[in-house]
Amino acid sequence: MNEYTEECLKTFLKNQGQLFDEPVAENLEEAEEFLEDCMAVVVDSLEDVREYLEESGMDVSGMSDEEVEETAEVFALDDGTYLIVEG
């Protein structure tokens, strides 16, 4: 089971609208439960994001780093890591 930082949970809560039409969580506890349920992952770099998305079946080979970072499933965290949530 992943352990999500408070920053990670707050970022997801604030930006969940980029992936979902309606909020899926209203507080940190709900955010953590949701991320655990959908097995969201935190990766260290944009290269790791590319690798994860490719392994999940998404063709990112022709995408720029900026386009990969702007993918709805990708949430950039302030510490330079990335949260990936499969919606």
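Residues numbered from 1 in each chain as written. Predicted model: local features only at pLDDT ≥ 70, side-chain atom pairs only at ≥ 80, totals over all residues. Heavy atoms only, no water.

Trainee: How would you sum up unusual backbone geometry? Please name residues and give values.
Mentor: Here Met39, not a glycine, exhibits a phi torsion of approximately 55°, which is positive. By the secondary structure assignment, Met39 is in the loop between helix H2 (28-37) and strand E1 (41-43). (Helix = DSSP H or I, 4+ residues; strand = E, 2+ residues; numbered from the N terminus.)

Trainee: Any details on the nonpolar core? Residues and values, ideally.
Mentor: In this structure, Tyr4, Phe12, Leu35, Ala40, Phe75, Leu83 and Val85 are the most contacted members of the largest nonpolar core, which totals 14 residues. Listing elements by their share of this core, those giving two or more residues are helix H1 (6-15) and H2. If you tally residues by element for this core, the top one is H1, at three residues. Not counting chain neighbours up to four residues away, the residues in contact with Leu35 comprise Tyr4, Leu9, Phe12, Ala40, Leu83 and Val85. Counting residues in hydrophobic clusters, the runner-up holds eleven residues, among them Val49, Leu53, Val68 and Tyr82. (Core = buried A, V, L, I, M, F, W, Y, C linked by side-chain atoms within 4.5 Å. Buried < 20%, exposed > 50% of the residue type's maximum accessible area, 1.4 Å probe, protein only. Contact = heavy atoms within 4.5 Å.)

Trainee: Break down the packing of aromatic side chains for me, citing the residues and quoting the values.
Mentor: According to the stated counting rule, one finds three aromatic pairs in the structure shown. Relative to Phe34, the ring of Phe12 has its centre 5.7 Å away and its plane inclined at 10°; by these criteria the two rings are stacked. On the criterion of sequence distance, the pair formed by Phe12 in helix H1 and Phe34 in helix H2 is long-range, its members being 22 residues apart. Among the residues examined, Phe12 registers a relative accessible area of 0% and is labelled buried. One aromatic cluster is present, formed by Phe12, Phe20, Phe34 and Phe75 through successive ring pairs. (Phe/Tyr/Trp six-rings, centres within 6.5 Å; stacked < 30°, edge-to-face > 60°.)

Trainee: So what's going on with the pattern of salt bridges? Residues and values would help.
Mentor: Per the counting criterion, the structure on display carries two salt bridges. Measuring nitrogen to oxygen at the nearest pair gives 2.9 Å for the salt bridge that ties Lys10 to Glu6. Placement of both Lys10 and Glu6 in helix H1 is noted, with a separation of four residues, approximately one turn of the helix. Of the residues examined, Lys10 reaches a relative accessible area of 45% and is grouped as partly exposed. Salt-bridge contacts for Arg50 lead to Asp65; the nearest nitrogen and oxygen are separated by 3.1 Å. Taken together, the residues span a long stretch of sequence, with Arg50 in helix H3 (residues 46-55) and Asp65 in helix H4 (residues 65-69) at a distance of 15 residues. The class of Asp65 is partly exposed, set by a relative accessible area of 44%. (Salt bridge = Lys/Arg side-chain N within 4 Å of Asp/Glu carboxyl O.)

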